[in-house]
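# Understanding the architecture of this molecule
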Amino acid sequence: MQNDPRTHGLWEVSAPPVPPTEVLTDNITADVVIIGAGFTGLSAALHLAEDKQHAVVLEAGEIGFGGSGRNVGLVNAGMWIKPFDLCNTLGDTLGRRLIDQLSDAPAMVFELVEKYGMACEALNNGTLHCAVGQSGLREVTERARQWRSLGASVELLDAKSTREKVGTGTYSGALLDRRAGTIQPLAYARALARAAIAGGATVHTSSPVVSAEPAPGGWKIKTSRGSVTASRVIVATNTYSNGFSQALQTELVRLPYFNVATRRLSDSLLASILPERQGLWNTSAVLSSMRLDAEGRLIFGSVGALRGTGKQIHRNWARRALSKLFPQLSDVEFEHEWYGWIGMTPDSLPRFHRLEQNIISISGYNGRGIGAGTSFGRDLARLVTGRMTEAELSLPLSEVANTQFRVAKESFYEIGSQVAHMVGHRF
Ligand SMILES: Cc1cc2nc3c(=O)[nH]c(=O)nc-3n(C[C@H](O)[C@H](O)[C@H](O)COP(=O)(O)OP(=O)(O)OC[C@H]3O[C@@H](n4cnc5c(N)ncnc54)[C@H](O)[C@@H]3O)c2cc1C
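Numbers given for residues are sequential positions, taken from 1 along each chain in its written order. The predicted origin of the model limits local features to residues at a pLDDT of at least 70 and limits the giving and counting of side-chain atom pairs to 80 or more, whereas totals for whole chains, interfaces and linings rest on all residues. To obtain the side-chain values, all non-hydrogen atoms of the structure were included, while hydrogens and water were left out.

This part covers the sheet that holds strand E13 (residues 232-235). Two strands pair under a simple rule: DSSP has to find at least two bridges between them. Here a helix means four or more residues in a row that DSSP labels H or I, a strand means two or more in a row labelled E, and each is numbered from the N terminus. The six strands are arranged E9-E3-E2-E13-E20-E19 in an open sheet whose pairing can be described as mixed. Edge positions in the open sheet fall to strand E9 (202-204) and strand E19 (351-356), since each of these has one partner strand only. The mean inter-strand angle of the sheet, taken between neighbouring strand axes irrespective of direction, is 20°. Pairing between strand E2 (residues 32-35) and E13: four bridges, direction parallel. When the bridges of E13 are listed, Ile-34 appears paired with Ile-234. Note on definitions: angles span 0 to 180 degrees between N-to-C directions of axes, and those axes are lines fitted to C-alpha atoms, for helices only across the stretch in contact.

Take the domain arrangement of the chain next. The assigned domain composition of the chain is domain 1 (1-126 + 180-252 + 346-396) and domain 2 (253-344 + 404-427). For the domains described, the bounds stem from an automatic or database domain assignment. Between domain 1 and domain 2, the C-alpha centre-to-centre distance is 26 Å. Every contact between the two is made by 34 residues of domain 1 and, on the other side, 32 residues of domain 2. Salt bridges are identified by distance alone: a Lys or Arg side-chain nitrogen within 4 Å of an Asp or Glu carboxyl oxygen. In this structure, the connection of domain 1 to domain 2 is made through one salt bridge. Glu-337 is the salt-bridge partner of Arg-6, the closest N and O atoms lying 2.9 Å from each other. Within 3.5 Å is the distance limit for a polar contact, defined as a pair of N or O atoms, with the added protein rule that one can donate a hydrogen and the other accept it, and that residues adjacent in sequence qualify only through two side-chain atoms. Where domain 1 meets domain 2, there are 14 residue pairs in polar contact (both at pLDDT 80 or more). In terms of residue count, helix H1 (residues 5-14) provides more of the side of domain 1 that touches domain 2 than any other element does, nine residues in total. Gly is put with the polar residues, along with every residue not named as nonpolar or charged; the nonpolar set is Ala, Val, Leu, Ile, Met, Phe, Trp, Tyr, Cys and Pro, and the charged set is Asp, Glu, Lys and Arg. Here the side of domain 1 that touches domain 2 is composed, by residue class, of 13 nonpolar, 16 polar and five charged. The contact criterion used is simple: two residues touch if any of their non-hydrogen atoms lie within 4.5 Å.

Here we come to a negative patch on the surface. Excluding any residue in a salt bridge, patches collect residues exceeding 30% relative accessible area, merging like charges within 9 Å and nonpolar Val, Leu, Ile, Met, Phe, Trp and Tyr side chains within 5 Å. We get accessible surface area from the Shrake-Rupley algorithm with a probe of 1.4 Å; when it comes to residues, only the shown protein chains can shield them. This count recognises Lys and Arg as positive and Asp and Glu as negative, with His and chain-terminal groups excluded. Taken as the charge centre is NZ of Lys, CZ of Arg, CG of Asp or CD of Glu, depending on the residue. A contiguous patch of negative charge, built from Asp-100, Asp-104, Glu-111 and Glu-114, is present on the exposed surface. Its place among the elements puts Asp-100 in helix H4 (residues 92-115). Buried, partly exposed and exposed residues are distinguished by accessible area as a fraction of the type maximum, computed with a 1.4 Å probe on protein chains only: under 20%, between the cut-offs, and over 50%, respectively. The exposure class of Asp-100 is partly exposed, given its relative accessible area of 38%.

Turning to its location among the elements, Met-1 is positioned in the segment before H1. Overall, Met-1 belongs to the buried group, its relative accessible area being 5%. Note: C-alpha distance between Met-1 and Thr-262 (261 residues apart in sequence) is 20 Å. Not counting chain neighbours up to four residues away, the residues in contact with Met-1 comprise Thr-7, His-8, Glu-12, Glu-62, Ile-63, Gly-64, Phe-65, Leu-186 and Arg-190.

For the ligand, the set of nearby residues contains 36 residues, the closest of which are Thr-40, Glu-59, Ser-68, Asn-238 and Asn-242. Here Asn-242 contributes a backbone N or O atom positioned 2.7 Å from a nitrogen atom of the ligand. Take Ile-370: an N or O atom from its main chain is 2.9 Å from an oxygen atom of the ligand. Taking 1000 Å² as the accessible area of the ligand by itself, protein coverage stands at 96%. When contributions to the shell around the ligand are tallied by element, the ones reaching two or more residues are helix H2 (39-50), strand E18 (334-344) and helix H11 (369-384). Looking at the shell around the ligand, the element that brings in the most residues is E18, giving three residues. Each residue belonging to the shell around the ligand can be placed in one class, and the counts come to 18 nonpolar, 15 polar and three charged. The residue makeup of the shell around the ligand includes at least three contributed by each of domain 1 (1-126 + 180-252 + 346-396) and domain 2 (253-344 + 404-427). Nearness is defined per residue: one heavy atom within 4 Å of the molecule or strand is enough.

So, about the UniProt feature "domain: FAD dependent oxidoreductase" (unreviewed entry) in the chain. With numbering matched to this structure, UniProt assigns "domain: FAD dependent oxidoreductase" (unreviewed entry) to residues 31-383. Secondary structure across residues 31-383 comprises 35% helix and 29% strand; the distance between its end C-alpha atoms is 13 Å. UniProt positions are given in the numbering used here, feature names are shortened, and annotations may be inferred rather than shown by experiment.

Most of strand E5 (residues 127-131) sits out of view: five of its five residues are buried. Burial of the side chains of E5 extends over both faces: Thr-127, His-129 and Ala-131 are buried on one face and Leu-128 and Cys-130 on the other. Pairing geometry for E5 and strand E7 (residues 173-177), over five bridges, is antiparallel. When the sheet's bridge partners are listed, Thr-127 is paired in E7 with Asp-177. One ladder, built from four bridges, connects E5 with strand E15 (residues 279-282); its direction is parallel. Its bridge partner being in E15, His-129 is matched across the sheet by Trp-281.

Dropping the structure here:
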């Protein structure tokens, strides 16, 4: 996208074609305006279309341009923080509601994929949270205990079973979460858009929103070349917010994350590496992740931005790390590489804001946006149509906050990941 192979990498090469869309050049009306064509905005558009509401989606770049088209594709249940910590932060009622919602989110994604016949390499065969060392094992053991007490279908694997599932003896154990799985994320975003458009939604790309002005009938949302007037507005710009709300743009701390992808592995390599095709990530402080795509390419990622000195440092680390994990891959070449920004919040929980009367937003999924974005997109659609009240949402309404030391934290992530990868931290 945008002539840069390092934005969406493999996903752009292997995704089905994007549905045709146009730039907004007129002044039009709609029931609901949605700003941002990622999982959140597109799920909202699809659910509004199912409810016979005319939604117009305005996207600054292309469908899936933000985090949705760049991610690893792990369809996880739950948030980054442990389920009990979530209750400690939100209180029992909201906490339990959010746990249930996020626990069900992968099923919602896979059901939508099935219902609309979405071609997005969806595999609902679990993910592995792999333990690094004894502290990592304690971490996944506690997570397994908490999830099991909540009735979730998770299993704690010992080192031997983990070795069988992954193909390396590096990990001391793993949490196998059978609710979860993998998708091709850009293909999923495009498929959501295709289903929403078929249901009656309109998507305008290359149409950056520059302002919102009160107007008879609601809000006039202006792009550089046109406008949409509607009574209700959903802002789904998340970490890639740009040019519309300065407050949203500086609320989340951006954590860089990159992926590299090998050529298709041979059948004999595929028999020994992730033979059941679960995706995984590990407990390391500078975490890494791994999965196969439908063709059998290995996708390996970690914290870091592929720019400046980071490009070579992270590439070299990925090569070294992969050949330690799987000596049979010591001469493997990477055919694709890409990176993006994950939006983090200080308490690791998403944010729900009412920016103005009838303008609402949800953002800050802390790297768990496939399930969360799809599920909260549906909730935003329900909120603007009155099918749900704010009190029924699983997130509290909050003011947009100015995150302390945001720039320093972002530099720490970017430079810290380079240092960690240079000194060869554990993976
Ligand atoms: C490298 C990486 C790896 C990740 N891995 C995973 C993973 O494995 N599993 C997981 O669940 N999550 C993962 N995530 C997180 C996940 O991708 C995001 O949480 C999710 O994509 C957020 O979706 P969204 O629709 O809310 O926002 P986005 O997909 O970021 O969409 C926002 C859109 O708003 C548009 N926009 C911004 N400003 C304007 C404007 N003024 N006018 C019009 N449009 C505008 C942007 O162009 C963008 O397309 C990862 C993220 C990254 C970057």
